[in-house]
Amino acid sequence: MHFSLYPFIFSLLPLFLFLVFLRKWLSITTRPPRKNPPPSPRKLPLIGNLHQIGPFPHRSLHSLSQAHGPLMLLHFAAAPVLVASSTAAARDIMKTHDLIFSNRPKSTIAEKISYGAKDVLFSPYGEYWRQMKSICVLQVLSNKRVQSFRDVREEEMALIIEKISDSGSEVVNLSKLIVELTANVVCRAAFGLKYDGVGGRGGGAGRGFKEVLGEVMELIGVFDIGDFVPWLKWVNRVNGVYGRVERLAKELDEFLEGVVEEHEGRERKVGEEGGQDFVDVLLEIQRENVVGIPLQRDSIKALILDIFAAGTDTTSTIIEWVMTELLKHPQAMKKLQAEVRLIVHSNQPVTEDDLDQMPYLKAVIKETLRLHPPIPIIVPRESTKDVQVKGYDIAAGTRVLVNAWAIGQDSASWDEPEEFRPERFLNGRSIDFRGHDFELIPFGAGRRGCPGIQFAAVVDELAVANLVHKFDFALPDGVELDVHEFRAYRSRAITSADPCVMPLRKTSTTCSGDVPKSGI
Ligand code: HEM
């Protein structure tokens, strides 16, 4: 019997074609839409773009952005990292989509040091962070509180001026004195003690707070590959980094615990002699349950630690850079001295009341923050959701680096950006650094912006004004001004073979209250 399949096949053909069409249609409609990621430099297997990041990451990222654009996507090992390098890109991240980019990525080292991210700086975005940030902004670092430390700042400043005066014709190490000034101011505000006064306390191994804190700063800057490739966490376990961090966290805790206990015994109120320091304020918030959630002891210690980690080095670095730029630009130094010496009589110190009459001083500090932001790449953020920025798709969980240094170099915003020209901030151009003008964001912006701006700004202005008011500075004979950056996160001026030391010869204690107005 002859049996043909053809009629059967032909009868099934329409059904077959229908199924093929249906499959194709379904695959089109259910396929995830095509993603449009930002431009990326070529990456290598395993390490991604890490090989393109040099010892000064802000400079490496700036060069890459010139080839790939102000919004680019890199990969640190497998982890996606969005890099923003222009005013507009920073505005998109820190204003338009600020809420989505308000998280901080997890950092194992920071978590070990900050009581499991119970601080503000490293805490993930959420209710806990919101409560801690509001304590920081409204209670600990409010304008009124910063004002309450005015005597502390003026006393510490007077001591530095006295030390320089007493040095006679000797060369002074200005860097050291500036670090001493800012550390003492922060320490007295935080604990009511001088930095040197706490030098011998705490630390099971007999080390002082000063040494332990120095090591904390060093370890926070360590690149932890385990944060990018979880299966490589063993690297820092085996090489002893995590062990070191754990020992350090224990030493720090012993010290901070001692400080909190001491404060608990005395319950100082506002207006009492000695005033309230930050620990007093935090203990009062805890006792009176001011914010509606019980403030844990670890949270108090973590917040105090933040203030040191975020506030000491940054504040001294900027004063050091200002002095370096003024030495490099004698005309600007003269102009500033003329302004300050006109307002304050020669035998008086510059006080905080005088600072508002010194527009050139403020312009010099802004120009220095533009050229040398102490944190050149803003503390990393992380996206909490998928989001589109400038038409590019950014996936949830992408790390975000905003290159504040590159933004300060952007010729779309600044004429001759490489030049030190404080005058650009005068003559009606009212750009400020408080996070509203995205051309200048050394303190970040938006919800995660720095709460210590007022605290830092007043110390910086007071220090620079007093130094240039009282002295004329010059380099020691035979020392060349060799200015370059020092380490990734601490851009510092150096003037000799010894990094981060700025030896200066004081040529005179110039005190003429009669500088002509036209000099400004
Ligand atoms: C010149 C001095 C300073 C500079 C350049 C600076 C810069 C910064 C930057 C860039 C951020 C990250 C902002 C962001 O993600 O948008 C930050 C955060 C922070 N800063 Fe500062 N800072 C300075 C001084 C201070 C001082 C004096 C304090 C405290 C007394 C302080 C406390 C903090 C804290 C607690 C945060 C974390 C805010 C958060 O994550 O919500 N800073 N700072």
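Model, not experiment: these values are computed from the prediction.

J.: Would you mind going over the sheet that holds strand β2 (residues 79–84) with me for this structure?
T.: Backbone-to-backbone hydrogen bonds join strands into a sheet, with any given pair of strands oriented parallel or antiparallel. Pairing within the open sheet is mixed, and its 4 strands lie in the order β1-β2-β7-β4. Among the strands making up the open sheet, the edge pair consists of β1 (71–76) and β4 (381–382). When β2 meets strand β7 (residues 399–402), the two strands line up parallel, connected through 4 bridges. Bridge pairing links Ala 84 to Val 402 in β7. The strands touched by helix α2 (residues 57–68) within the sheet are β1, β2 and β7, with β1 carrying the most contacts at an inclination of about 125°.

J.: So what exactly am I meant to see when it comes to the site of the ligand here?
T.: The immediate surroundings of the ligand are formed by 29 residues, with Arg 104, Lys 133, Arg 381, Arg 448 and Cys 450 found nearest. Between an oxygen atom of the ligand and a main-chain N or O atom of Ala 445, the distance comes to 3.2 Å. Those elements that provide at least two residues to the shell around the ligand are α5 (127–140), α13 (297–328) and α17 (453–470). Residue contributions to the shell around the ligand peak at 6 residues, all from α13.

J.: I keep staring at the nonpolar core and nothing clicks. Help me out?
T.: Soluble globular proteins tend to pack their nonpolar side chains together in the buried interior. Grouped together as the largest cluster of nonpolar side chains are 99 residues, with contacts concentrated most on Val 140, Phe 191, Phe 278, Leu 282, Phe 308, Leu 326 and Phe 455. The leading source of residues in this core is α13, at 13 residues. If near-sequence neighbours (up to four positions away) are discounted, Phe 278 is found in contact with Val 140, Leu 141, Arg 145, Phe 149, Ala 189, Ala 190, Ile 304, Ile 307 and Phe 455. Among the nonpolar cores identified, the runner-up in size contains 21 residues, and Ala 84, Ile 378, Val 389 and Ile 407 belong to it.

J.: Explanation requested: helix α8 (residues 174–191) in the structure shown.
T.: In an α-helix, one full turn covers 3.6 residues, which means residues spaced three or four apart are oriented alike. Taking 1.5 Å of rise per residue, 18 residues should cover 26 Å, and α8 covers 25 Å from first to last C-alpha, within 8% of that figure. Counting buried residues along α8, 16 of its 18 residues qualify, which places the element largely inside the surrounding structure. Phi for Gly 192, located one or two positions after α8, is positive at around 80°.

J.: Quick question: what am I supposed to make of the pattern of salt bridges here?
T.: Pairing between side chains becomes possible if they bear opposite charge and their charged atoms approach one another. Counting across every chain of the model gives 31 salt bridges. A salt bridge links Lys 390 to Asp 92, with the nearest nitrogen and oxygen atoms 2.6 Å apart. Separated by 298 residues along the polypeptide, Lys 390 in the loop between β5 (387–389) and β6 (392–394) and Asp 92 in helix α3 (residues 87–96) bring together distant segments of the chain. The salt bridge partner of Glu 367 is Arg 370, with a shortest N-O separation of 2.9 Å. Highlighted residues: Glu 367 and Arg 370, both in helix α15 (residues 359–371), separated by 3 residues, approximately one helical turn. When sorted by exposure, Glu 367 lands in the same class as Arg 370, which is buried.

J.: I tried to follow unusual backbone geometry on my own but got confused; where do I start?
T.: Among all residues except glycine, the phi angle is most often negative; among peptide bonds, the trans geometry is most common. The phi angle at Ala 77 is positive, at roughly 55°, despite the residue not being glycine. Tracing the backbone shows Ala 77 in the loop between β1 and β2. Judged by its relative accessible area of 7%, Ala 77 falls in the buried class. Phi at Lys 390 takes a positive value of approximately 50°, unusual for a residue other than glycine.

J.: Where do I start with the packing of α8 against α13 in this structure?
T.: In a packed pair of helices, the relevant descriptors are the angle between the two axes and the axis-to-axis distance. Where α8 meets α13, the axes come as close as 9 Å, and the angle between the chain directions of the two elements is 150°. Classified by the interaxial angle, the pair formed by α8 and α13 is roughly antiparallel. The element α8 and its partner α13 pack so that their crossing is right-handed. Two secondary-structure elements touch here, α8 through Leu 174, Ser 175, Ile 178, Val 179, Leu 181, Thr 182, Ala 183, Val 186, Cys 187, Ala 190 and Phe 191 and α13 through Ile 304, Ile 307, Phe 308, Gly 311, Thr 312, Thr 315, Ser 316, Ile 319, Glu 320 and Met 323. In the contact of α8 with α13, the residues fall into 14 nonpolar, 6 polar and 1 charged.

J.: In this structure, what is going on with α5? I would like to understand it.
T.: Helix length check: α5, at 14 residues, gives a terminal C-alpha distance of 19 Å against a target of 20 Å (1.5 Å per residue), a fit within 8%. Those residues of α5 that sit buried are Trp 129, Gln 131, Met 132, Lys 133, Ile 135, Cys 136 and Val 140. Buried residues in α5 make contact with α6 (143–148), α12 (278–288) and α13.

J.: Even after reading the chapter, I still don't get the packing of aromatic side chains, so can you show me in this structure?
T.: For any pair of aromatic rings, the description consists of the separation of the ring centres together with the inter-plane angle of the planes. All told, the structure shown has 10 aromatic pairs when counted by the stated rule. With a centroid separation of 5.0 Å and an interplanar angle of 15°, the aromatic rings of Phe 223 and Phe 228 are classed as stacked. Phe 223 gets classed as partly exposed once you look at its relative accessible area, which sits at 42%. Classification of Phe 228 as buried rests on a relative accessible area of 14%. Through a chain of ring-to-ring contacts, the aromatic side chains of Phe 76, Phe 223 and Phe 228 assemble into a single cluster. Its guanidinium or amino end placed over the ring of Tyr 242, Lys 112 lies 5.0 Å from that ring's centre, counting from NZ or CZ. Positioned above the aromatic ring of Trp 414 is the side chain of Arg 370, whose terminal nitrogen or guanidinium carbon lies 5.3 Å from the ring centre.

Reading the values: the criteria
Each chain carries its own residue numbering, running from 1 in the direction its sequence is written. Side-chain atom pairs in this predicted model are given and counted only at pLDDT of 80 or more, local residue features only at pLDDT of at least 70, and totals for whole chains, interfaces and linings cover all residues. Water and hydrogen atoms play no part in the side-chain values, which are based on all heavy atoms of the structure. Paired strands, in this sense, are two strands between which DSSP finds at least two bridges. Each helix is a run of H or I in the DSSP string that is no shorter than four residues. Each strand is a run of E no shorter than two, and both are numbered from the N terminus. Residue contacts follow a heavy-atom distance rule, with two residues in contact if any of their heavy atoms lie within 4.5 Å. Orientation is described by lines fitted to C-alpha atoms, with helices fitted over the stretch in contact, and by angles between N-to-C directions that extend from 0 to 180 degrees. Nearness is judged by heavy atoms alone; a residue qualifies as near a molecule or strand once a single heavy atom is within 4 Å of it. Under this definition, polar contacts are N or O atom pairs within 3.5 Å; protein pairs additionally need one hydrogen-donor-capable and one acceptor-capable atom, and for neighbouring residues in sequence, both atoms have to be side-chain atoms. In this text, buried Ala, Val, Leu, Ile, Met, Phe, Trp, Tyr and Cys residues form a nonpolar core when linked through side-chain atoms within 4.5 Å. Accessibility here uses a 1.4 Å probe with only protein chains present; expressed as a share of the type maximum, an area under 20% marks a residue as buried, one over 50% as exposed, and anything in between as partly exposed. Expected span, for any helix, means 1.5 Å times one less than how many residues it has. The term salt bridge refers to a side-chain nitrogen of Lys or Arg lying within 4 Å of a carboxyl oxygen of Asp or Glu. Each angle is binned into one of four classes, with values under 35 degrees roughly parallel, values over 145 roughly antiparallel, values of 65 to 115 roughly perpendicular, and all other values oblique. Left-handed is the label given to a crossing in which the near helix is rotated counterclockwise from the far helix by less than a right angle, and right-handed is the label when the rotation is clockwise. Following the grouping adopted for this structure description, the nonpolar residues are Ala, Val, Leu, Ile, Met, Phe, Trp, Tyr, Cys and Pro, the charged ones are Asp, Glu, Lys and Arg, and the polar ones are all others, Gly among them. Stacked, edge-to-face and tilted are the three classes for Phe, Tyr and Trp ring pairs, Trp counted by its six-membered ring, which pair at centre distances within 6.5 Å; planes under 30 degrees apart are stacked, over 60 edge-to-face, the rest tilted. By definition here, charges over rings are those cases where NZ of Lys or CZ of Arg is within 6 Å of the ring centre and within 35 degrees of the ring normal.

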